[in-house]
Amino acid sequence: MFLGWSDTWRLARAHAKPSRFINTFKVEISYFISRFTRKPVFWGMPTAISIEPTTACNLGCPQCPSGLKQFSRPTGKMNLQQFKALLPRISPTTGYMTLYFQGEPFLNKEFTEMISAASRRDIYTATSSNAHFLNPEVARQTVEAGLKRMIISIDGVTQDSYAQYRIGGDLDKVIRGTQNILAARKALGVSYPVVVWQFIVFAHNEHEIAEIRQKAKEVGVDKLQLKTAQIYDFENAEKWLPANPEYARYQKKAGLLALKAAKKNRCKRFHGNPVLTWDGNMVPCCFDKDASHQMGNVFQSEFQDVWKGKLRHAFGQKLKRGRQHTDICNNCTEGVRVWI
């Protein structure tokens, strides 16, 4: 209970700075005006941002462009100098930063220094990892850097089950990495990062839900999240989708798979939470994994000019005309429950 309240307080404090609070108000108001007038209205700057440390990954997950090594965009990593140059442009208005998009962030050797640089500006930092590189030293560095939330992917309670999706992965390393983070947190006398196990429910592991709940308690993670699977390869979707419809974000319509909920021509994420690729391209959201809707490059132009630029405004107009006409929106869960 204390951990939950302390994390809520850290998040609230990150957004409570006057400039951030005022900016959040502007973004929220512009979203509701846009929603009810059906016109793209964008006020303020990002309240949250996702930044990609690297596209590289050590695993080969079959429904992930990074794991499949099937990007059409370049593979690489953001360097620390570029990252630090961004911070003074965004920190006055941005209180939450996800240091993850595609890839395994700890493959960027400067990753913990990025966390530290953002933390020094009172930005709440979060990441998602497969935990294979969280040896005791890296775990200690991560906690010392001030990371506030860590999501760890663990999609099975046995090596066989886990490796069916996390191809090339080692379940023992995931558990040891988790334990290392928890041990470092305890040794340093802090309650962060909040450690979340993320269990994507597939056909081959849906029978393990009770077991993963028990395992989470044994290891001592702060939270277990069950997540529905996002599918890219619809031709082979039946192999992955669980039998229990509660654990699936899709249903069959006219013989074809479709999201359970209808898409609406609005998107709150787009109003205040952009994504930056490792090489500085701003894209609308985390569903644009191949960065096919670039709105400008923040390493080549001023951040504010990209955020308020013509390309982003044009994309917002396109959303209002109909999200069904935008490829990345067709598999998007905005407004759809994806956590169980």
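Residues numbered from 1 in each chain as written. Predicted model: local features only at pLDDT ≥ 70, side-chain atom pairs only at ≥ 80, totals over all residues. Heavy atoms only, no water.

Asks: Report on the overall build of the protein, specifying residues and quantitative values.
Replies: Counting its secondary structure elements, the protein contains twelve helices and ten strands. Partitioning the contacts of the protein with sequence separation of at least 6, the portion at a separation of at least 24 is 68%. Summing over all exposed atoms, the protein offers an accessible surface of approximately 15700 Å²; the carbon and sulfur share of this is 54%. (Helix = DSSP H or I, 4+ residues; strand = E, 2+ residues; numbered from the N terminus. Contact = heavy atoms within 4.5 Å. Areas by Shrake-Rupley, 256 points an atom, 1.4 Å probe, with all protein chains shown as cover.)

Asks: Run through a nonpolar patch on the surface, naming residues and quoting values.
Replies: On the surface, F25, I29 and W43 cluster together to form a nonpolar patch covering roughly 310 Å² of accessible area. The exposure class of W43 is partly exposed, given its relative accessible area of 40%. (Patch = residues over 30% accessible without salt bridge, like charges linked within 9 Å, V, L, I, M, F, W, Y side chains within 5 Å. Salt bridge = Lys/Arg side-chain N within 4 Å of Asp/Glu carboxyl O. Buried < 20%, exposed > 50% of the residue type's maximum accessible area, 1.4 Å probe, protein only.)

Asks: Report on the pairing of strand β4 (residues 149-153), specifying residues and quantitative values.
Replies: Taken across its five residues, β4 has five buried, putting it largely inside the fold. Residues R149, I151 and S153 of β4 are buried on one face, and the alternating residues M150 and I152, pointing to the opposite face, are buried as well. Direction of pairing for strand β3 (residues 124-129) relative to β4: parallel, over a ladder of four bridges. Paired with T127 across the two strands is M150, which belongs to β4. At this point the chain moves from β3, through helix α6 (residues 136-145), to the parallel β4, and the crossover so formed is right-handed. (Pairing = 2+ DSSP bridges. Right-handed = clockwise from strand over helix to strand, strands pointing away.)

Asks: Before we move on, could you go through the packing of aromatic side chains and cite the residues and values that matter?
Replies: Under the defined criterion, the tally for this structure stands at eight aromatic pairs. Centre to centre, the rings of Y96 and Y124 are 5.2 Å apart; their planes meet at 15°, and the pair counts as stacked. Residue Y96 is located in strand β2 (residues 96-98), and its partner Y124 is located in strand β3; the two are separated by 28 residues in the primary sequence. Residue class for Y124 comes out buried when judged on its relative accessible area of 3%. On the numbers, 4.8 Å between centres and 80° between planes, the contact of F106 with F111 is edge-to-face. We note that F106, like F111, is buried. Among the aromatic side chains, those forming a connected cluster through ring pairs are F42, F270 and F315. The side chain of R312 reaches across the aromatic face of F42, ending 4.5 Å from its centre. (Phe/Tyr/Trp six-rings, centres within 6.5 Å; stacked < 30°, edge-to-face > 60°. Lys NZ or Arg CZ within 6 Å of the ring centre and 35° of its normal.)

Asks: Before we move on, can you summarise the environment of V143 with the specific residues and values?
Replies: When you line up the elements, V143 lands in helix α6. Its relative accessible area of 3% is what places V143 among the buried residues. Considered as a pair, V143 and T112 are 31 residues apart in the sequence and their alpha carbons are 8.9 Å apart. Not counting residues up to four positions away in its chain, the partners in contact with V143 are I181, A184, R185, L188, V190, Y192 and P193.

Asks: Could you give an account of the nonpolar core, with specific residues and numbers?
Replies: In this structure, I51, F83, M97, W197 and F303 are the most contacted members of the largest nonpolar core, which totals 77 residues. For this core, the element with the most residues is helix α8 (residues 171-188), which contributes six residues. Other than its neighbours up to four places away in sequence, M97 contacts I49, I51, F83, L87, I90, A118, I123, Y124, T125 and A126. (Core = buried A, V, L, I, M, F, W, Y, C linked by side-chain atoms within 4.5 Å.)

Asks: Account for the environment of W278, with residues named and values stated.
Replies: Within the secondary structure, W278 is located in the loop between β9 (275-276) and β10 (282-283). Using a relative accessible area of 16% as the deciding quantity, one classes W278 as buried. The sequence separation of W278 and P53 amounts to 225 residues, and the corresponding C-alpha distance is 5.6 Å. Ignoring anything within four residues of it in the chain, the contact list for W278 reads E52, P53, T55, R73, P74, T75, G76, K77, M78, Q82 and F299. A distance of 3.0 Å separates a polar side-chain atom of W278 from the backbone oxygen of P74. (Polar contact = N/O pair within 3.5 Å; in protein donor to acceptor, adjacent residues only side chain to side chain.)

Asks: Which residues make up α8, and what are the values?
Replies: Its 18 residues give α8 an end-to-end C-alpha distance of 26 Å, which sits within 8% of 26 Å, the value for a rise of 1.5 Å per residue. Every buried residue belonging to α8 is among L171, V174, I175, G177, T178, I181, L182, A184 and R185, and all of these are buried. The N-terminus of α8 is capped by D170, whose side-chain oxygen sits 2.9 Å from the backbone nitrogen of D172. Of the residues one or two after α8, G189 is the one with positive phi, at around 70°. (Expected span 1.5 Å × (residues − 1).)

Asks: Account for empty space enclosed by the protein, naming residues and giving values.
Replies: Space left empty within the atom packing is revealed by a probe, the size of a water molecule, rolled over the atoms. One pass over the structure, following the stated rule, counts two cavities of 30 Å³ or more. Estimates place the volume of the largest cavity at around 70 Å³. Taken together, eleven residues make up the lining of the largest cavity; nearest its centre are C267, C285, L319, I328 and C329. Those elements that place two or more of their residues in the lining of the largest cavity are α10 (268-272) and α12 (310-321). When its residues are assigned to classes, the lining of the largest cavity shows nine nonpolar, no polar and two charged. Empty space within the second largest cavity amounts to approximately 60 Å³. (1 Å grid on protein atoms, 1.4 Å probe; cavity = no way out; pocket = protein on both sides within 12 Å on 5 of 7 lines; lining within 4 Å. Points joined across faces, edges and corners; volume = space filled by probe spheres on them. Nonpolar A, V, L, I, M, F, W, Y, C, P; charged D, E, K, R; others polar.)

Asks: I'd love a proper account of the confidence of the model for the protein, names of residues and values included.
Replies: In the predicted model, the protein carries a mean pLDDT of 88, and 88% of its residues have values of at least 70. Below a pLDDT of 50 lies the segment residues 335-340, which in the model reaches 15 contacts outside its immediate sequence neighbourhood of four places, other chains included. (pLDDT = per-residue confidence, 0-100.)

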